[in-house]
2 protein chains.
Amino acid sequence: MAFHNSVVIITGTNRGYGVHLSETVAAKLSGDSLLILTARNKDGLEKTKNKIEALINGNNFKVLSVMCDLSKQDKVSGFIAKCLENIDLSKFSTAMFINNAGTLGDVNIKLKDQNNANLLNGYFQFNVINVMMLNSAFLKSFAAKKCFLINISSLAAIQPFSTMGLYCTGKAARDMMFKVLAVENPELRVLNWSPGPMITGMTNTMRGCCDETVATMFKNFDYVPLEVSAAKLMAILEKNEFKSGDHIDYFDEF
Amino acid sequence: MAFHNSVVIITGTNRGYGVHLSETVAAKLSGDSLLILTARNKDGLEKTKNKIEALINGNNFKVLSVMCDLSKQDKVSGFIAKCLENIDLSKFSTAMFINNAGTLGDVNIKLKDQNNANLLNGYFQFNVINVMMLNSAFLKSFAAKKCFLINISSLAAIQPFSTMGLYCTGKAARDMMFKVLAVENPELRVLNWSPGPMITGMTNTMRGCCDETVATMFKNFDYVPLEVSAAKLMAILEKNEFKSGDHIDYFDEF
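Read on for an overview of the structure. (Residues numbered from 1 in each chain as written. Chains lettered and ligands numbered in written order. Predicted model: local features only at pLDDT ≥ 70, side-chain atom pairs only at ≥ 80, totals over all residues. Heavy atoms only, no water.)

### Regarding the packing of helix 1 (residues 16-26) of chain B against helix 9 (residues 226-239) of chain B
Residues and elements named next belong to chain B. Keep this limit in mind: Orientation is described by lines fitted to C-alpha atoms, with helices fitted over the stretch in contact, and by angles between N-to-C directions that extend from 0 to 180 degrees. What counts as a helix is a DSSP run of H or I of at least four residues, what counts as a strand is a run of E of at least two, and both are numbered from the N terminus. Under this scheme an angle from 65 to 115 degrees is roughly perpendicular, one under 35 degrees roughly parallel, and one over 145 degrees roughly antiparallel; angles in between are oblique. We call a crossing left-handed when the near helix sits turned anticlockwise from the far one by less than a right angle, and right-handed when that turn is clockwise. Should any heavy atoms of two residues lie within 4.5 Å, those residues are considered in contact. Under the convention adopted here, Pro, Cys and the residues Ala, Val, Leu, Ile, Met, Phe, Trp and Tyr are nonpolar, Asp, Glu, Lys and Arg are charged, and Gly plus all remaining residues are polar.
Direction vectors running N to C along helix 1 and helix 9 enclose 50°, while the axes themselves pass 9 Å from each other. Put simply, helix 1 runs oblique to helix 9. For the pair helix 1 and helix 9, the sense of crossing is right-handed. Facing Gly16, Tyr17, His20, Leu21, Thr24 and Val25 of helix 1, the residues of helix 9 in contact are Leu226, Glu227, Ser229, Ala230, Ala231, Leu233 and Met234. Here the residues of the contact of helix 1 with helix 9 sort into eight nonpolar, four polar and one charged.

### Considerations on the sheet that holds strand 9 (residues 247-249) of chain B
All names here are of chain B. Quick reminder of the rule: We treat two strands as partners when DSSP finds at least two bridges between them.
Strand order in the open sheet made by the seven strands is 5-4-2-6-7-8-9, with parallel pairing throughout. The open sheet has two free edges, formed respectively by strand 5 (62-67) and strand 9, since each of these has just one partner strand. Geometrically, the sheet is characterised by an average inter-axis angle of 20° between neighbouring strands, direction not taken into account. Alignment of strand 8 (residues 189-194) against strand 9, held across three bridges, turns out to be parallel. Within strand 9, the residue paired with Asn192 across the bridge is His247. Its contacts with the sheet put helix 5 (residues 117-141) on strand 2 (6-10), strand 6 (94-99) and strand 7 (146-152), and the angle it makes with strand 6 is roughly 175°.

### Some points on the interface of chain A and chain B
Keep this limit in mind: Salt bridges, as used here, are contacts in which a Lys or Arg side-chain nitrogen is within 4 Å of a carboxyl oxygen on Asp or Glu.
Of the residues lining the interface, 42 residues belong to chain A; the matching set on chain B comes to 42 residues. In this assembly, chain A and chain B are joined by two salt bridges. Salt-bridge contacts for Lys140 of chain B lead to Asp113 of chain A; the nearest nitrogen and oxygen are separated by 2.9 Å. Among the elements of the structure, helix 5 (117-141) and helix 6 (165-184) of chain A are those that each provide at least two residues to the side of chain A that touches chain B. The dominant element in the side of chain A that touches chain B, judged by the number of residues it contributes, is helix 6 of chain A, at 13 residues.

### Here we look at the pattern of salt bridges
All names here are of chain B. To be explicit about the condition: For each residue, the accessible area found with a 1.4 Å probe, counting protein chains only, is set against the maximum for its type, and the residue is called buried under 20%, exposed over 50%, and partly exposed in between.
Under the criterion given, the structure shown has 16 salt bridges over all chains. Two residues, Lys51 and Glu23, come together in a salt bridge whose shortest N-O distance is 3.3 Å. On the criterion of sequence distance, the pair formed by Lys51 in helix 2 (residues 42-55) and Glu23 in helix 1 is long-range, its members being 28 residues apart. Of the residues examined, Lys51 reaches a relative accessible area of 44% and is grouped as partly exposed. In this structure, the salt-bridge partner of Glu238 is Lys28, at a minimum N-O distance of 2.7 Å. In this pair, Glu238 is assigned in helix 9 and Lys28 in the loop between helix 1 and strand 3 (29-30), connecting sequence segments 210 residues apart. By relative accessible area, Glu238 is classed as partly exposed at 22%.

### Looking at helix 8 (residues 212-220) of chain A
Residues spaced three or four apart along an α-helix point in a common direction, a consequence of the helix completing one turn every 3.6 residues. All names here are of chain A. Short version of the rule: In this description, one arc is meant: the one made by directions from the helix axis to the C-beta atoms. Polar contacts, as used here, are pairs of N or O atoms within 3.5 Å; protein pairs need one atom able to donate a hydrogen and one able to accept it. Residues neighboring in sequence count only if both atoms are side-chain atoms.
Among all positions in helix 8, only Val214, Ala215 and Phe218 are buried. One side of helix 8 holds all its buried residues, which, seen down the axis, span an arc of 100°. Pointing more than 90 degrees away from the buried face of helix 8 are the exposed residues Glu212, Thr213 and Asn220. Structurally, helix 8 contributes buried residues whose contacts are with helix 7 (201-206). The N-cap residue of helix 8 is Asp211: its side-chain oxygen and the backbone nitrogen of Thr213 are 3.0 Å apart.

### Points about the relation of the copies chain A and chain B
Where we set the bar: Copies overlap after least-squares fitting; the atoms used are the C-alpha atoms of residues with pLDDT of at least 70 in both.
Of the transformation superimposing chain A on chain B, the axial component is 0.0 Å and the angular component is 180°, with the fit at an RMSD of 0.0 Å. As the rotation angle and translation indicate, the two copies are arranged about a two-fold axis. Minimal C-alpha separation from the rotation axis in chain A is found for Ala173 of chain A, amounting to 2.3 Å. The fraction of interface residues of chain A whose copies in chain B are also interface residues reaches 100%, indicating that both copies meet through the same surface.

### Points about the sheet that holds strand 6 (residues 94-99) of chain A
Residues and elements named next belong to chain A. In spatial order, the strands read 5-4-2-6-7-8-9; together these seven strands make up an open sheet with parallel pairing. Strands with a single pairing partner mark the edges of an open sheet, and in this sheet they are strand 5 (62-67) and strand 9 (247-249). Between one strand axis and the next, the sheet turns by 20° as a mean value, whatever way the strands run. Here strand 2 (residues 6-10) pairs with strand 4 (residues 34-39) via four bridges, running parallel.

### Examining the packing of aromatic side chains
Where we set the bar: Aromatic rings from Phe, Tyr and Trp, taking only the six-membered ring of Trp, are treated as a pair when their centres fall within 6.5 Å; an angle between ring planes under 30 degrees marks them as stacked, one over 60 as edge-to-face, and anything in between as tilted. Counting as a charge over the ring demands two things of the Lys NZ or Arg CZ atom: a distance within 6 Å of the ring centre and an angle within 35 degrees of the ring normal.
Considering all chains together, one arrives at 14 aromatic pairs over all chains under this definition. Between the aromatic rings of Phe221 of chain B and Tyr223 of chain B, the centroid separation amounts to 5.6 Å while the plane-to-plane angle is 80°, which identifies the pairing as edge-to-face. Residue classification places Tyr223 of chain B among the buried residues on the basis of a relative accessible area of 15%. Three or more aromatic residues link up through ring pairs in this structure, and these residues are Phe97, Phe138 and Phe142 of chain A. Of note, Arg189 of chain A hangs over the ring of Phe242 of chain A, and the distance from its end group to the ring centre comes to 4.1 Å. Over the ring of Tyr250 of chain A we find Lys232 of chain A, and its NZ or CZ is 5.1 Å from the ring centre.

### Quick word on the side chain of Ser6 of chain B
By the element assignment, Ser6 of chain B lies in strand 2. Non-local contacts of Ser6 of chain B, meaning those with residues more than four positions away in its chain, are made with Leu29, Asp32, Ser33, Leu34, Phe92 and Thr94 of chain B.

### Section: the nonpolar core
To be explicit about the condition: Residues belong to one nonpolar core when they are buried, are Ala, Val, Leu, Ile, Met, Phe, Trp, Tyr or Cys, and are joined through side-chain atoms within 4.5 Å.
In terms of nonpolar packing, the biggest core is built from 116 residues, with Phe138 of chain A together with Phe138 of chain B touching the most fellow members. When residues no more than four places from it in sequence are discounted, the contact partners of Phe138 of chain A are Ile9, Ile80, Ala95, Met96, Phe97, Cys147, Phe148 and Leu149 of chain A.

Below, the structure written as structure tokens:
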């Protein structure tokens, strides 16, 4: 299966894994497809868009960039509608939403010292609540289509790590959210994708976290190249044999 | 081991499992112990307090009730201090915090229709963020004591159920939060306790949820008596051989 006449929205495409996801998805789209790239950083977003446009040179499908700060709840509610403005949805047979955007939290504060209500509210809004609202809006827009919902998860969703309390808690919540979406909507294809350890802004930050053991672990990881991880995700989606709602790790046999 | 010279705080003690937890804990306390009952419903809270005082008639330890609405973030920050007002902490050798309070969410809205930012913010504040802040404050107050942190969890923390999207997501987040607290603080004794299916306000609500299969499941459960579940938790805590941070279910061999 290729992604023919498909619309794909990817969040957090200004850098890191989001860029490689965008490139890998673009290479798999065919027909009257549309790739919508989103991020809050305008320069990074436009750079990714230019890269993709060069990559698909001559192909029929289109790339759009929509700038949006998904940490802002007043922006989130209208975001999907903004992405799909002036777009004729009738030509798409498949719709995919890759929830890649997310934040690490402050890795110099351990969980027992996390007591700033505003910071905590902001963290869970961006990484959990707003994701719930975005997927709700996405499913409303594409009610009659074959829909894929992809959550970019982490090993941290299922294993606790020191100094990563907010990240672990948020990722565990997100995994469960997508599992429930899968059981409530058997017609959907839902995947919690744990992409493996990759060299990104997040893992660079972890190398300097306040727990020496964890910092050393991140210094010594056998990192997976970003494009290799993205290619494995696309291969799993193309094969389309995963159990909807599953958490699949890069290192799992599949 | 008995809980001698211990201070125990339990949230959500106005009804249901919280009442039985309070009774079971009270029966295990000895010496100069203090049991602090908390809830947002005054009448229920005082009823529980009277019950416990009758139960411990003649014993040396004290029972306090502290009314507080833990859904309100401005109340949460000062809650632990309010509980411990005018109390000489030096006499306690052990401190335990049983995080029992929680809400089910609206079981007539499936996750794909959850898009009300205010309701979602309120849900995650009460069930996740405020719990994080409370445990932070608790650990600050009892820094030099042997501390037990108990999270009243659920099978829903590890298994998705239709119509229980908020509950599942919140419980998954809470479980991970306590797992991280355990790895970051090896001196703590942390337990995610899944108490089994019990007849409570929550399970009564579930019998009328909008998914017929799930409603029927809740109608046909072989329910565990509240006091039996509470006794098993106390037996596990007394034995004190669990791995800190573990999720233990009522039906697990232990």
